[in-house]
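# Chains, contacts and geometry: an overview
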Amino acid sequence: MLEATAIGAGYGRKQIVHGVDLTVGQGEILLVLGHNGAGKTTLMRSLFGLLPPTAGRIRYEGRDIAGRSPAQNVADGIAFIPQGHGIFRTLSVRDNLDLGAFVEPDKSLLPERLESIYRMFPILKERASQIGGTLSGGQQQMLAIGMALMHAPRLVILDEPSIGLAPNLVDKVMEAIAFINRTMGTTILMVEQNVKYSLPIASRVAVLKTGRKIYDGPPDPLHDRVELMKLF
Ligand SMILES: Nc1ncnc2c1ncn2[C@@H]1O[C@H](COP(=O)(O)OP(=O)(O)OP(=O)(O)O)[C@@H](O)[C@H]1O
């Protein structure tokens, strides 16, 4: 579904990502691991169009998308959920969800979509009129995912959805991501630091180290702590 080849990215003259190849197959959950500062966020931002890559090619569903704007990518079925959720903190839960649907041209699809999100995250229905910024961290993450789902993306890019969450909430967020993947067929590209909770839901894993990919393969070998440590 997504095929990035020899991606380079950075800030000004500071090159952060060096020649990374990354493919995400239709229906996969690709987990991107790596220590702090490895360049995971920089890579995701460049794939989504927030930071134009300095090198390489990005193909999505067979089309070249390098250089496209985030708005064009959203309209083409890609959602990006940034670190720290990216919700509108001063707006209500319902208003956030409505804004998530902003790019959907067929508004008649929205009531059913909203109901399915409420079924998935009943807390969002209970708190529909509450101001987003007053939700707990876990609830804000659910809202960010709900907003993304309002435009029925085919590919969701998530940047560290577990950050700042208590372990029981991390578990719930991972469960929700796996559920969306399984029931809606949504392809997931997810950056995480929390190996314990993210590895069990991954179909494949890529590990970045100082801007280079050093592992790309099945999650199974990484359940072995010694193998995992070799990569960090
Ligand atoms: N806007 C920016 N301007 C300049 N340098 C930046 C910018 N954003 C990130 N960097 C640098 O790029 C490097 C990689 O950062 P990045 O956020 O991509 O890593 P990461 O793997 O996502 O780390 P973390 O897991 O801590 O979020 C770091 O050295 C960081 O300081």
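Here the residue index of a chain counts from 1 through its sequence in written order. Reporting of local features is limited, given that this is a predicted model, to residues whose pLDDT is at least 70; pairs of side-chain atoms are given and counted only at 80 or more, and all residues count toward the totals for whole chains, interfaces and linings.

For clarity, the threshold we go by: UniProt positions are given in the numbering used here, feature names are shortened, and annotations may be inferred rather than shown by experiment.
In the annotation of an unreviewed UniProt entry, the protein is listed under the name Amino acid/amide ABC transporter ATP-binding protein 2 (HAAT family) and assigned to Stella humosa. Reading the Sequence similarities (unreviewed entry) entry of the UniProt record for the protein gives the comment "Belongs to the ABC transporter superfamily."

## Examining the overall build of the protein
As a reminder, the rule being used: Put simply, DSSP H or I for four residues or longer makes a helix, DSSP E for two residues or longer makes a strand, and each gets a number counted from the N terminus. Neighbour counting defines burial: a residue surrounded by 20 or more other C-beta atoms within 10 Å of its own C-beta is buried, one with 12 or fewer is exposed, and intermediate counts give partly exposed, using backbone-placed C-beta atoms.
Scanning the protein from N- to C-terminus turns up nine helices and ten strands. Referenced to the eigenvectors of the C-alpha coordinate spread, the extents of the protein come out at roughly 45 × 40 × 30 Å. A total of 232 residues make up the protein; the buried ones form 39% of that total.

## Here's the deal with the sheet that holds strand β5 (residues 63-64)
Worth spelling out the cut-off: Note on pairing: DSSP must find at least two bridges between two strands before they are called paired. Here the contact rule is simple: place C-beta atoms from the backbone, and any two residues whose C-beta atoms are within 7 Å are in contact. The angle between two axes is taken between their N-to-C directions and runs from 0 to 180 degrees, where each axis is a line fitted to C-alpha atoms and a helix contributes only its stretch in contact.
Taken together, the four strands give an open sheet; going across it, the order is β2-β1-β4-β5, and neighbouring strands pair in antiparallel fashion. Whereas interior strands pair on both sides, the edge strands pair on one side only; in this sheet they are β2 (14-24) and β5. Along the sheet, helix α1 (residues 40-48) contacts β1 (2-11), β2 and β4 (55-60); its crossing angle with β1, the most-contacted strand, is approximately 115 degrees.

## Focus: the nonpolar core
Stated precisely, the cut-off is as follows: Take the buried Ala, Val, Leu, Ile, Met, Phe, Trp, Tyr and Cys residues, join any whose C-beta atoms are within 7 Å, and the set you get is a nonpolar core.
Ile157 and Met190 are the most contacted members of the largest nonpolar core, which has 62 residues in total. The leading source of residues in this core is helix α6 (residues 137-149), at seven residues. Excluding anything up to four places from it in sequence, methionine 190 contacts Ile29, Leu31, Val32, Leu158, Pro161, Ile177 and Ser198.

## Notes on the site of the ligand
We apply this condition: We call a residue near a molecule or strand when the C-beta position, derived from backbone atoms, sits within 6 Å of it. Under the scheme applied here, ten amino acids are nonpolar (Ala, Val, Leu, Ile, Met, Phe, Trp, Tyr, Cys and Pro), four are charged (Asp, Glu, Lys and Arg), and all others, including Gly, are polar.
Taken together, Tyr11, Lys14, Ile16, Gly34, Asn36, Gly37, Ala38, Gly39, Lys40, Thr41, Thr42 and Gln193 form the complete shell of residues around the ligand. Elements that contribute at least two residues to the shell around the ligand include exactly β2 and α1. Ranked by residue count, the leading element in the shell around the ligand is α1, at three residues. Among the residues making up the shell around the ligand, the classes are represented as three nonpolar, seven polar and two charged.

## Here's the deal with the confidence of the model for the protein
Short version of the rule: pLDDT is a residue-level measure of predictor confidence that goes from 0 to 100.
Here the protein shows a mean pLDDT of 93. Residues at 70 or above account for 100%. Within the protein, helix α9 (residues 225-231) has the poorest average pLDDT of any element, 76, and strand β8 (residues 187-191) the best, 98. The ipTM for the predicted assembly is 0.95, set against a pTM of 0.93.

## Considering the packing of helix α3 (residues 93-100) against α6
The condition that has to hold: Throughout, a crossing is termed right-handed when the near helix is turned clockwise from the far one, and left-handed when it is turned anticlockwise from it by less than a right angle.
Where α3 contacts α6, the axes come no closer than 7 Å and their chain directions differ by 35 degrees. For the element pair α3 and α6, the recorded crossing hand is right-handed. Every residue of α6 that contacts α3 at Val93, Asn96, Leu97, Leu99 and Gly100 is listed here: Leu143, Gly146, Met147 and Ala148. Classifying every residue of the contact of α3 with α6 gives six nonpolar, three polar and no charged.

## Some thoughts on unusual backbone geometry
Backbone geometry follows two general trends: most residues other than glycine have a negative phi, and most peptide bonds adopt the trans configuration. If you check the backbone angles, glutamate 61 has positive phi at about 50 degrees while not being a glycine. When you line up the elements, glutamate 61 lands in the loop between β4 and β5. In the Ramachandran plot, glutamate 160 falls in the positive-phi region, its phi being about 50 degrees despite a non-glycine side chain. By secondary structure assignment, the location of glutamate 160 is in the loop between β7 (155-159) and α7 (167-184).

## Considering the UniProt feature "domain: ABC transporter" (unreviewed entry) in the protein
Under the UniProt annotation, "domain: ABC transporter" (unreviewed entry) lies at residues 2-231. Between the end C-alpha atoms of residues 2-231 the distance is 24 Å, and the span holds 35% helix and 26% strand.

## Brief notes about the sheet that holds β8
Across the sheet, six strands lie side by side as β6-β7-β8-β3-β9-β10; this open sheet has mixed pairing. This sheet does not close on itself; its edge strands, each paired only once, are β6 (78-81) and β10 (212-217). On average, adjacent strands in this sheet sit at an angle of 15 degrees to one another, irrespective of strand direction. This element, α1, spans β3 (29-33), β6, β7, β8 and β9 (204-209) of the sheet and lies at about 150 degrees to β7.

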